[in-house]
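Report on the structure
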Amino acid sequence: MKVSTQWLAEWVAIDETPAALAERLTLAGLEVDAVDPVVPDFSGVVVARVEAVEPHPDADRLRVCQVNGGGAMQQIVCGAPNVRAGMLVPLATVGAVLPGGTKIKQAKLRGVPSAGMLCSAKELGLGEASDGLMELHGAFEPGQNFRDAIQAEDHVIEIELTPNRGDCASIRGVARDAAVLYAADWSPLDCAPVAATHDDGRRVKIEDLADTPVFCGRLIRGVDAARPTPTWMQERLRRAGLRPKHALVDITNHVLIELGQPMHAYDDSQLNGPLLARRATAGESLLLLNEQAIDLDERCLVIADDNGPVGLAGAMGGAASAVSEATQDLYLEAACFAPDAVAGVGRRFKLVSDALYRYERGVDPALQRAAMERATALVLEICGGQAGPVREAGAAPDQAPIRLRLARLAALLGGVIAEDRVRDILTRLGCAVRQDGGDQFQVTPPSHRYDLRIEEDLVEEVARVIGYDHLPGGARTVELQFGRINEDQIDRSRIHDVLCGRGYREVITYSFVDAAVDSALSGGLKTVAVDNPIAEQLSVMRTTLWSGLVGVLKHNRARGSDRLRIYELGLQFHPKGEDVSQPQVLAGLASGRRLSEHWDADQTPVDFFDIKGDLEALLEQAGKTLQCEAQSHAALHPGQSARLMVQGRPVGWLGRLHPAVARQLDLGPAPVVFEIDLGVLLQGRAPAYEPVTDQPSVRRDLAVVCEDSLPVGELLRVCRSAGGSLLRQAGVFDVYRGAGLPDSSKSVALSLIFQDKTRTLIDREVDEAVAKVRSALSAELGVGFRE
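Here we summarise the structure given alongside this text. Quantities reported herein were computed from a predicted structural model and do not represent experimental measurements.

1. Structural notes on the sheet that holds strand 24 (residues 432-435)
- With respect to topology, three strands assemble into an open sheet ordered 23-25-24, the strand pairing being antiparallel. Whereas interior strands pair on both sides, the edge strands pair on one side only; in this sheet they are strand 23 (402-405) and strand 24. Each strand axis lies, on average, 30 degrees off the axis of its neighbour in the sheet, ignoring direction.
- The pairing of strand 24 with strand 25 (residues 440-444) spans four bridges and is antiparallel. Counterpart to alanine 432 in the pairing with strand 25 is threonine 444.
- The sheet contacts of helix 11 (residues 406-413) involve strand 23 and strand 25, and relative to strand 23 the element is tilted by about 65 degrees.
- Where helix 12 (residues 419-428) meets the sheet, its contacts fall on strand 23, strand 24 and strand 25, and the angle it forms with strand 24 comes to roughly 150 degrees.

2. Quick notes on the pairing of strand 12 (residues 214-221)
- The buried fraction of strand 12 amounts to seven of the eight residues, a majority that puts the element mostly inside the structure.
- Across seven bridges, strand 12 lies against strand 20 (residues 330-336) in antiparallel orientation. Within strand 20, the position partnered with leucine 219 by the bridge is tyrosine 331.
- Relative to strand 22 (residues 391-394), strand 12 runs antiparallel, the two sharing four bridges. The partner of valine 214 across the bridge, within strand 22, is glycine 394.
- For strand 12 and strand 21 (residues 386-387), the ladder comprises two bridges, and the chain directions are antiparallel. Counterpart to arginine 221 in the pairing with strand 21 is glutamine 386.

3. A word on empty space enclosed by the protein
- One pass over the structure, following the stated rule, counts two cavities of 30 Å³ or more.
- By volume, the largest cavity amounts to about 130 Å³.
- In terms of lining residues, the largest cavity is bounded by 15 residues, among which Gly166, Asp167, Leu259, Gly260 and Asp364 are the most central.
- Ranked by residue count, the leading element in the lining of the largest cavity is helix 4 (residues 171-181), at three residues.
- Looking at the lining of the largest cavity, its residues break down into four nonpolar, six polar and five charged.
- Quantified by volume, the second largest cavity comes out at close to 50 Å³.
- For the second largest cavity, the full set of lining residues is Asp167, Gly173, Arg176, Asp177, Val180, Leu429, His448 and Arg449.

Cut-offs and rules
Residues numbered from 1 in each chain as written. Predicted model: local features only at pLDDT ≥ 70, side-chain atom pairs only at ≥ 80, totals over all residues. Heavy atoms only, no water. Pairing = 2+ DSSP bridges. Helix = DSSP H or I, 4+ residues; strand = E, 2+ residues; numbered from the N terminus. Axes fitted to C-alpha atoms, helices over the stretch in contact; angles between N-to-C directions. Contact = heavy atoms within 4.5 Å. Buried < 20%, exposed > 50% of the residue type's maximum accessible area, 1.4 Å probe, protein only. 1 Å grid on protein atoms, 1.4 Å probe; cavity = no way out; pocket = protein on both sides within 12 Å on 5 of 7 lines; lining within 4 Å. Points joined across faces, edges and corners; volume = space filled by probe spheres on them. Nonpolar A, V, L, I, M, F, W, Y, C, P; charged D, E, K, R; others polar.

Shown next as structure tokens:
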């Protein structure tokens with residue numbers, strides 16, 4: 001919301017600088033993003049009238065103009081296509097300094113003297129583009145200082161409104177709030193009724209008052225829509241961030257900014273029968289003002305005549321009934337649509353409009369009649385015409401009172417606020433306050449405050465008007481408690497500690513990603529589309545966190561950093577019928593050398609087993625064992641990918657990125673990536689005391705000969721299963737391939753450690769246990785042994 005300080009001053013008199021006003025508004029919850037002058041510095045520019053225009057004797061595109069700048073007639077050569085006799089324009093006289101420091105001098109253009117320059121809006125910093133001279137419309141006199149003529153000594157305060165403060169989406173709303181904050185008087189605009197001069201007009205009807213509490217309409221006959229919008233109105237719209245179009249549309253936009261009431265102007269000749277606010281039916285369609293064709297259904301609230309929908313209620317009108325400079329009979333609409341009735345229509349149809357911005361936040365249901373009278377008066381003033389009676393359906397709903405206990409207010413704010421002061425603040429906010437016995441009030445909010453619903457809302461209002469920095473002081477007592485985690489749970493901080501200790505750094509990436517990147521990394525899983533993506537490359541919700549991690553890798557490699565260890569904790573998003581499944585996972589990526597650059601370190605690149613070790617360290621603190629089963633994944637390198645298994649359940653993936661995927665994403669050398677269910681890392685087991693035994697352990701080694709393709713994990717699994725209760729540990733201490741072994745075979749040296757906690761084992765017991773292990777390995781896996 002952009003607020004002109006000059007326009008605001010017409011509503012409320014506040015003796016503050018724009019910067020000080022902006023600070024006070026921010027502290028009261030209306031966050032100010034910027035305060036800027038409306039016009040850049042320039043000097044020597046006056047209002048001038050073009051008296052005569054003749055062709056340049058030596059240039060087809062130039063004109064020689066005789067200009068009245070308030071003194072002697074001046075000759076100026078101009079190349080603007082819209083220059084004509086009788087128009088009022090800004091004239092930069094000789095010696096004038098324009099924005100950017102350009103100084104105007106006496107000159108000759110193609111041999112013809114020129115004493116100044118006729119200016120476009122762009123040349124004066126009043127517009128981004130220009131198709132000719134800036135034409136002035138209104139009571140201006142030649143020679144008048146141009147800055148004074150357009151009231152250039154003004155500032156724009158840009159406010160970032162929160163969704164609950166739709167009541168401040170207008171000059172009226174900001175003025176009302178500022179008057180409360182400064183305890184100042186304000187002057188609401190007098191929207192006096194305009195007398196009807198004929199009885200014509202369409203009826204307006206409402207299908208459901210819950211969707212449309214109030215609906216007003218008025219017919220104005222005989223308007224001259226080709227008349228120009230006055231410069232004062234064009235400047236107000238420009239300072240509010242809107243581009244002037246033509247008079248009828250500019251008037252409705254002016255009322256929108258001034259009062260906060262969206263309005264729509266119809267060409268009455270394109271309507272048929274009464275206007276009805278209703279829900280659309282399946283199969284109906286509408287071509288909007290922006291030339292967008294939309295298919296409607298019962299979720300859409302529309303304005304319809306006897307022929308069908310003529311506008312998407314609260315968002316945008318239809319192209320077929322739009323006004324133009326040829327419009328003679330104008331039908332004005334002012335309505336209040338419930339926020340719930342229009343919510344989501346912008347995201348669904350990818351529409352953005354100033355009207356929808358306000359209706360989604362809530363428009364005052366008591367404002368429509370006043371806005372209609374204001375718009376009618378402006379139409380008659382600027383475009384002429386004869387106004388008919390206002391047709392109205394519905395009425396503003398009653399506001400429910402809210403109980404406010406002064407003791408509760410004191411408890412929440414940390415000190416007592418005087419009863420009279422509380423009453424005064426609430427009354428100035430527009431609330432009806434009634435004593436309800438003892439120390440409590442019954443407070444009825446005004447119709448424009450959709451956000452006042454519960455007692456705490458009123459407490460917040462009192463606090464922000466007083467000022468959070470001026471609330472009652474004193475010592476505060478706060479009871480703090482330590483967070484609690486069950487003994488069988490792992491705190492998230494321990495996951496961060498382990499990974500950071502192993503050289504990783506945490507990153508946070510967008511949940512919405514490029515559809516092509518996500519498809520390449522997920523194997524083409526179905527995605528959830530973003531309705532209104534902030535960029536084309538952020539159009540879907542991620543199904544894998546790898547989509548964000550590869551972007552971090554590209555960013556770092558582009559800046560010469562190849563060795564990277566990163567991880568992220570976050571959500572995946574998978575469509576599940578009408579719902580979306582959102583599992584939490586831990587994902588990581590590693591690239592570059594295994595060790596940091598050092599004179600005594602080798603240059604071996606990071607591999608599958610390095611990252612497998614990191615994951616084993618994570619699972620070890622949860623008391624779990626990681627198993628890797630060789631499986632293929634569309635995004636991972638064949639032979640270098642594995643399904644992560646814990647307690648026989650799949651929990652994630654580990655592997656090197658497929659070279660084809662790395663090329664497709666322009667990553668360079670393929671990194672190693674992993675993704676694992678976060679829940680399995682956070683669920684551990686309760687600690688239990690286990691005494692340290694003083695009994696000796698016995699180690700036996702086995703040299704197993706097996707197929708090279710047999711995973712070592714299978715050997716260890718069988719050993720642990722067959723070793724019985726005496727087997728404490730099974731591990732691998734050597735792998736041999738080469739002479740003395742059949743082709744495609746390997747020899748794996750296994751260590752088996754046996755121990756009983758209460759006694760010393762004898763050789764026979766250990767031999768029997770080893771024999772069982774050998775027998776199981778031979779029977780289940782078909783391996784041989786080297787003696």
